[in-house]
Amino acid sequence: MAATLMRGKPLADRIRARVADEVAAIGHIGLVTVLVGDDPASEVYIRLKHKAATEAGFEAVDLRLSAETTEEALLTRVAELNASDDVDAILVQLPLPGHIDEEKVIRAVTPAKDVDGFHPLNAGELYLGRPALVPATPRGVMALLEKHGVHLEGAPAVMVGRSDIVGKPMAHLLLQANATVTICHSRTRNLAEHTLAAEVLIVAAGRAGLVSAEMVREGGIVVDVGMNRTDDGLVGDVDPAALERASLMTPVPGGVGPMTIACLLENAVRCARYRRKELDYPG
Ligand code: NDP
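The rules behind the values
Residues numbered from 1 in each chain as written. Predicted model: local features only at pLDDT ≥ 70, side-chain atom pairs only at ≥ 80, totals over all residues. Heavy atoms only, no water. Near = heavy atom within 4 Å. Polar contact = N/O pair within 3.5 Å; in protein donor to acceptor, adjacent residues only side chain to side chain. Areas by Shrake-Rupley, 256 points an atom, 1.4 Å probe, with all protein chains shown as cover. Nonpolar A, V, L, I, M, F, W, Y, C, P; charged D, E, K, R; others polar. Core = buried A, V, L, I, M, F, W, Y, C linked by side-chain atoms within 4.5 Å. Buried < 20%, exposed > 50% of the residue type's maximum accessible area, 1.4 Å probe, protein only. Domains from an automatic or database assignment. pLDDT = per-residue confidence, 0-100. Helix = DSSP H or I, 4+ residues; strand = E, 2+ residues; numbered from the N terminus. Pairing = 2+ DSSP bridges. Contact = heavy atoms within 4.5 Å. Axes fitted to C-alpha atoms, helices over the stretch in contact; angles between N-to-C directions.

> Got a sec to walk through the site of the ligand? Specific residues and values, please.
Around the ligand lies a shell of 20 residues, among which Arg 162, Ser 163, Ser 186, Met 227 and Thr 260 are the nearest. Residue Arg 162 places a side-chain N or O atom 2.7 Å away from an oxygen atom belonging to the ligand. Within the backbone of Val 225, one N or O atom sits 3.4 Å away from a nitrogen atom of the ligand. Burial of the ligand by the protein chains amounts to 72% of its free accessible area of 930 Å². Looking at side-chain class alone, the shell around the ligand contains eight nonpolar, ten polar and two charged residues.

Listed below in structure tokens is the structure:
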């Protein structure tokens, strides 16, 4: 029996419509994205984020800096954005060019304006079970699972990937939903043994076809976060043949991607509420 597809777009559209109402009610919300250099994939992501933000009524500023921008110059721009009353939310697109210390830049963004939720303070609040600004992709995955009535309480959930952006925050959200969480990574022995045990399998490794159909539990729920550009176009980390074994599965593209953008906009509204003291920022 083929899996039911968990499409992101219908839910993302609903979230974006709600965000647009909230933006209209708040009035001005300033979102600034910073792109350093000309990485083609980053350009695509920035364009998509801007289109969505503008459609939702944000004042979205697309700041482009040359690949030669020094770390010091970037940190100065970030400090200006932190201090600006016109700016509610700041997004520095990763990856940054190699001569810039990403960690330093992430730390430089005021935590309450950190729309990506990458600042150590936001990561720490999530770790402690008091989520404030949480990375958009894992939030999007949780929203999709909830929409499809996935029962996480006690369920064996396996996260393949442990990046700061996807894998780790995802594992924490699953844990907070009382799933029984296993985190796999490139050093995991016998990955299939773990994936086969997963009632809920979330894959964010950036390796096309890493998870074959045989590695998916019969009737399992599969979320494929992977986005790999190949000669066959954009593909996920899970072989689409797994649709024959799973009960629910996200498509690539059209699964997690639209949710990431919608949840990013939700985070930007949250930033605006922090700045207006409608919400208390924990830090
Ligand atoms: P990273 O490269 O930062 O992390 C990849 C993770 O996968 C690492 O933890 C790595 O392990 C693990 N990994 C790599 N190879 C294997 C393997 N053979 N077996 C098990 N684990 C492995 O990637 P990101 O987390 O940033 O992104 C992952 C994927 O998700 C990418 O394809 C990216 O494009 C996509 N993505 C999609 C988004 C969306 O909106 N749909 C948003 C963000 C990302 P180790 O730590 O040991 O190196």
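> How would you explain the nonpolar core if you had to name every residue and give the values?
If you look at the biggest cluster of nonpolar residues, it comprises 57 residues, and the most contacted ones within it are Phe 58, Leu 145, Leu 174 and Ile 202. Looking at this core, you find at least three residues from each of domain 1 (27–111) and domain 2 (135–258).

> Let's hear about the confidence of the model for the protein: which residues, and what values?
When pLDDT is low, close inspection of the predicted coordinates is not appropriate. Summary statistics for the protein give a mean pLDDT of 97 and a share of 100% for residues scoring 70 or more. Looking across the protein, the model is least confident in strand E9 (residues 228–230), with a mean pLDDT of 94, and most confident in strand E5 (residues 156–160), with 99.

> I'd like a description of the sheet that holds strand E1 (residues 4–5), backed by residues and values.
The sheet built from six strands is open, its strands ordered E1-E11-E8-E7-E5-E6 with parallel pairing. Edge positions in the open sheet fall to E1 and strand E6 (180–184), since each of these has one partner strand only. For E1 and strand E11 (residues 248–249), the ladder comprises two bridges, and the chain directions are parallel. Across the sheet, residue Thr 4 finds its bridge partner in E11, namely Leu 248. Each of E5, E6 and strand E7 (200–203) touches helix H7 (residues 167–176); the most contacted strand, E6, lies at about 165° to it.

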